[in-house]
Amino acid sequence: MFHDPRHIFEAETSKPQNVSQTLRRFAGYFRPYWRRYLGVLVMMIVSTWAAVTAPQLLGQAVDCYLVPPAATAAFEGVSPTLTVQPPSASGPAVQATDSACWYAEVPLTATTEERINGLAGLVLRLLGLYAIGSITTGLMFYWMTTSGQRVLRTLRVEVFHHILLLPIGYHVAHESGDIMSRVTNDADTIQQAVSFALIQVISGGFLIVWVAYKMLSESVAYGLVALAMLPFMVIATAWFSAQARKAFRRTRVRMGSVNAELQESISGVREAQAFSREDENIASFRETNAANRDANIRAVAYTSALAPTLEALGYVALALVAVAGGYALLEGQALLGETVTLGLMITFIAYVQRFNQPVQQISVLWTNIQSAIAGGERIFGLLDVVPDLQDAPDATDLPPIRGDVVLDDVWAEYEKGEAVLRGVSLRAAPGETVAIVGPTGAGKTTLISLIPRFYDVTGGALTIDGHDVRQVPGASLRKQIGVVLQESFLFSDTIMENIRFGRPEATDDEVIAAAKLANADKFIDRLPDGYQTSLGERGTGLSQGQRQLLAIARAALANPGILILDEATSSVDTRTERLIQSALETLLRDRTSFVIAHRLSTIRHADQVLFLDQGRIVERGTHESLMAKHGMYYGLYMSQFRRQSPTEGGDGRETRAAPAPA
Amino acid sequence: MKRSPTSPAPSSLTRAIRYLGHYRRETAYAYGALLLATSAQLMVPLLIHRMIDGITRGVVAQQTAALPATVQAAIASRMGITLAQLTQAGTQPVQALVISGLLILVFAMVRGLFSFSQAYMGERVSQSVAFDLRNDLFSRIQRLSFSYHDRNQTGQLMVRATDDVEKVRVFIGQGLLMATSALLLMVGAIVILFTLNPRLTLVVLPILPLALGLFLVMGSVARPMFGLVQRKLSALNAILQENMAGIKVVKAFSREPEQEQRFQKAADDFLAQILKVMRLMTFLMPLVFFIANLGQAAILFFGGRQMILGTLSLGEWQTFSLYLMFVFIPVAQLGFIITQMSQASASAGRIFEITDARSDVVEAPDARLLPTVRGRVEFENVTFRYFGGGKPVLERVSFVAEPGQQIALLGRTGSGKSTIINLIPRFYDPTEGVIRIDGVDLRQVALDSLRSQIGTVLQETTLFSGTIRDNIAFGRTDAPMAEIVQVAEAAAANEFIQSFPLGYGTPVGERGVTLSGGQRQRLAIARALLLDPRILILDDSTSSVDLETEWRIQQALIRLMQGRTSFVIAQRISTVLNADQILVLDDGAIVARGRHEELLETSEIYADIYSSQLVDDSAGVTVDAAAAMATES
């Protein structure tokens, strides 16, 4: 219940995803940039126009200036220009007719000089056309990539926001490295797609449509023959994309595992070295890494097959056009009721070649898009995890806490059916200190985790000043609760900023005052840069005790309405603890506090002591009353002397301090 | 990697490319297929030309069949063929056509096969190179010293092993092949052009160095920019990683808005840097296309001029222009690849920065195996500074621990206790002074042989994804189950482990069950005990266990410490009562040493610590217990 979404990952890999839905969601992110896309569309039309006009001009250069007059007259049709053959330089061939030149009126009597000048003019126009093509392509690229990058940034920030929104339970159940992989590696696949692929694919699509249109307008019958392979191309693309997407989904998951293992091994590198575990870790990483490699290799088997398949189909189309056209021509038959001329055939051969170019271009980049879709699915998959701890829609801010905390028959469980707390009820009046004791694993940490609503209760209710914690916004609740956790987490930032984390708007002086209160100032002053000393990740460079002092300073700075100390001073030596004891007392005074401690000194001053065992409160009262009761608390309390009593040669004072328990 | 000592250090990218040497056969396959596929591409114009010629001749032959032979001959010569060829073309035109068609089909299949092999093998090899690069990075990261990890963030290192490797991979798998094929095409086409018309070819040539020069300039401008992109991505990832690791604290203090702002700023920084690169590319890409087209236009003009002047025939021009695109399309391709290359080069630099990183703790080249330790540990004038600066954390510390002795370290938070125990397994090297085990300087022995004989329980217990059994057997994966249960019992962990439905098979770590601090600590103790080490280090190891459990662990430890040299940091004086030597540390120096009884007499600080304990625990108890006993009786 707290969440056990551990199976989400497995489900994700096998569940067939709705691609169009993923694409629609992407489209939603691109919507704010629609003006740019309008511009891109205009540029695309212009650049396609330039792209198809340039070869025509190139053909005209031949037809108008280069073909010797005699040849033009006698062998018009026998002098085909192949790749430079402009599709428009068609016209009925063989039967020599008018010149195919429409670019300029070039009289047969034109002098050499006139022809060269004319050619120069044409070349200049051509250059102009190229310039237009380049500029429009550049602009398209710019608008597409910049908006694509902005979309990615939005996505990343959104994912981060969502990660922070997800409850602790989710984070406990999932590898953080895998979640991180979505923000970096999966997002990167999208980045690659939006930079180049998308624009190429779209402009390639434009060209294809244009060529197809030209073919059909020249001759419907011949056009259909030339396009006969198109359905196969579409089928091949669809099949290979579906396969590739499946394979890419697996690669994304594998990459997530690589990232997770990296994360775990790097953050646990100290343990690995302490136990000479490096070789095992390296071997284990090799396996994960190899699984990622193999998944990728499987994926590329599909993606590398698409382009050659389409290319081969393109050649088939070419052969088809040539053979069918040539046959009709030679046999003097009509092709599907239309007459084929040599000129038409040559034109169509050129068309098919032009048609194949964008098809190739698209197929190469198509895989990037498939990979991006698989990456997008994972990102959206994370965004779709509904936090089971959500602010109620009608939540109103929790007013300043007085500190009346009531737990009414509270049940809690992490795994279904395994209750950690079983019907805990307690009431802490404002300003009271409640100590929670009990054996390890009794549910103490769970109990205090419910107060800032890190988890939700599964039964019963927890109220603060009469407000059910589920009915107030999490932020307004937690802002008023100070927590010092068992493991004090520090950020890789300066000491000053780490303490200020408790209250970002605090001044430097306030931070220093809090550090003094927690008795942390002495060791801080000894550091090379004092409060400005930058800590390593998680505060490396400081001992656990020092980290705890900083965590206490942080909580003190927050000045919370409710204070929770979970083993806050477990790693602080007793002398330092004695020094901060008074500070802690000041901190605890006048605010409701929950304290988990094994040092009984803290507990003795508590207003209430709760003895927790197996998720139930088995004893409650004050220290004195519980001692008098001679129950479990008494046994726990006395146990520390049992461990001292076997000391051989214990001096007099020690023996005096250790009366054998009854 | 063969490299003569005189040759300059190769660039990072070259080093990455050399990884292909691990897969010679596959690489040869990929490039062989590339060669064939590229040559096949050069045949396309010929094939089409041939086919069209065939049809044209057939048609002409059919149409001129009725004309007189002399006219036919004239036409044939105009077409550049003999009369015989023309009449032959007329006899079986359909058959020739079908053969041409079939030829194209065969060609299509062959070319398809080779281009598939090229793409597939290329990707395959690149995945293998990425695999090697990641492994090398990981191994290095695993072995870099604590001080390296103190300075570097997990999130940043992760990006190098994922995103940077991917950038290099994409280049090796696609860019490098594309560049090779582009160069091949270009050179092949230029050679063909030269044989066709050297004069006209000379017109094209100046454009090539111009383009290539431009690419090189752009590449060198882009490289540092891409490096910065990766740096910003690392920063972003570091924030992400840190927030996930510290999610509880972030939530506890409701600092989500600030952290989101921090992340947003990093994301904006990253975006700004990418946009900078994109702007450069926006400028570069059209320029490249324009230059490629410029060549085409230049040829058109100069070639056309030659034709008009009659020095170039139309047929020659046509063949020439067919191959022209094989010069300029590669130019455009190279322009695209150059950005990929500078990106890969920047990333390769970042990868090798790690694999080349020198660990502060280096095994001496002549390091020998530390023989089975007896357990004499000696510190001689050891001084240590963290981060290489500031006030020393330890200053001229000297002591000797005899084999089997139990050494207790006492002192206030930050007095240097943890530092001492971090120096013994050589997690750090002392700034000055020498540490010896059984008389051997630690810097002269192999790290593994040293650390495998030391059992450590660190302050924080990290559990790894896996079962409880895996976590206990962390330092000795092959340990039999019986031994694992035995050490778990000794660490007072067996009981709670058995209470889980899955027992020792219970998954823990990131995706496993949540253990309490005390439970984690006991697993860590079991983990250390399993090594059966000669030297045992316990840092704060019993502090977050309740007193009852601590007492039981204590009993186990007392037995275990027998015969081993042990170093114990414990807050409670009770833990150190049995110590053979107590070292009292203050401000990085040993201020008192001796046994409990001696120190009580001689050391004011020790007496002070002792009395703080009495006030803390015992004294109160004395009163309460007395009271309790009184009420009881």
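None of these values were measured; they are calculated from a predicted model. (Residues numbered from 1 in each chain as written. Chains lettered and ligands numbered in written order. Predicted model: local features only at pLDDT ≥ 70, side-chain atom pairs only at ≥ 80, totals over all residues.)

Draft legend 1. How the structure looks around the domain arrangement of chain B. What the domain assignment lists for chain B is domain 1 (12-28 + 110-355), domain 2 (363-453 + 533-633) and domain 3 (462-532). Taken over C-alpha atoms, the centre of domain 1 of chain B sits 48 Å from the centre of domain 3 of chain B. (Domains from an automatic or database assignment.)

Draft legend 2. Region of the structure containing the nonpolar core. Counting residues in each nonpolar core, the largest one holds 385 residues, and the members touching the most others are Ile349 and Ala553 of chain A. The residues touching Ile349 of chain A, leaving out its near neighbours within four places in the chain, are Leu318, Val321 and Ala322 of chain A together with Ile48 and Ile52 of chain B. (Core = buried A, V, L, I, M, F, W, Y, C linked by C-beta atoms within 7 Å. Buried ≥ 20, exposed ≤ 12 C-beta atoms within 10 Å, placed from the backbone. Contact = placed C-beta atoms within 7 Å.)

Draft legend 3. The arrangement of the sheet that holds strand β4 (residues 459-464) of chain A in detail. Strand order in this open sheet of four strands is β2-β1-β4-β5 (chain A), and the pairing throughout is antiparallel. Whereas interior strands pair on both sides, the edge strands pair on one side only; in this sheet they are β2 (418-428) and β5 (467-468) of chain A. (Pairing = 2+ DSSP bridges. Helix = DSSP H or I, 4+ residues; strand = E, 2+ residues; numbered from the N terminus.)

Draft legend 4. Fine view of the pairing of β2 of chain A. All names here are of chain A. Summarising the sheet, strand β1 (residues 405-415) and β2 pair through eight bridges and their orientation is antiparallel. Note on β2: the bridge partner recorded for Leu407 is Leu426. Between β1 and β2, which pair antiparallel and follow one another directly, the connecting turn spans two residues, one of which, Gly417, has a positive phi of 85 degrees.

Draft legend 5. Up close: the confidence of the model for chain A. Residues and elements named next belong to chain A. Summary statistics for chain A give a mean pLDDT of 80 and a share of 87% for residues scoring 70 or more. Ranking the elements of chain A by mean pLDDT puts helix α23 (residues 652-657) last, at 36, and β4 first, at 92. In the model, residues 1-15 has pLDDT below 50 throughout and makes 24 contacts with residues more than four positions away in sequence or in other chains. Contacts for the low-pLDDT stretch residues 643-662, under 50 throughout, to residues beyond four places or in other chains number 29 contacts. (pLDDT = per-residue confidence, 0-100.)

Draft legend 6. Geometry of the environment of Leu103 of chain B. Residues and elements named next belong to chain B. Along the chain, Leu103 turns up in helix α5 (residues 93-143). We classify Leu103 as partly exposed; it has 14 C-beta atoms within 10 Å. Between the alpha carbons of Leu103 and Ser345 there is a distance of 43 Å; along the sequence they are 242 residues apart.

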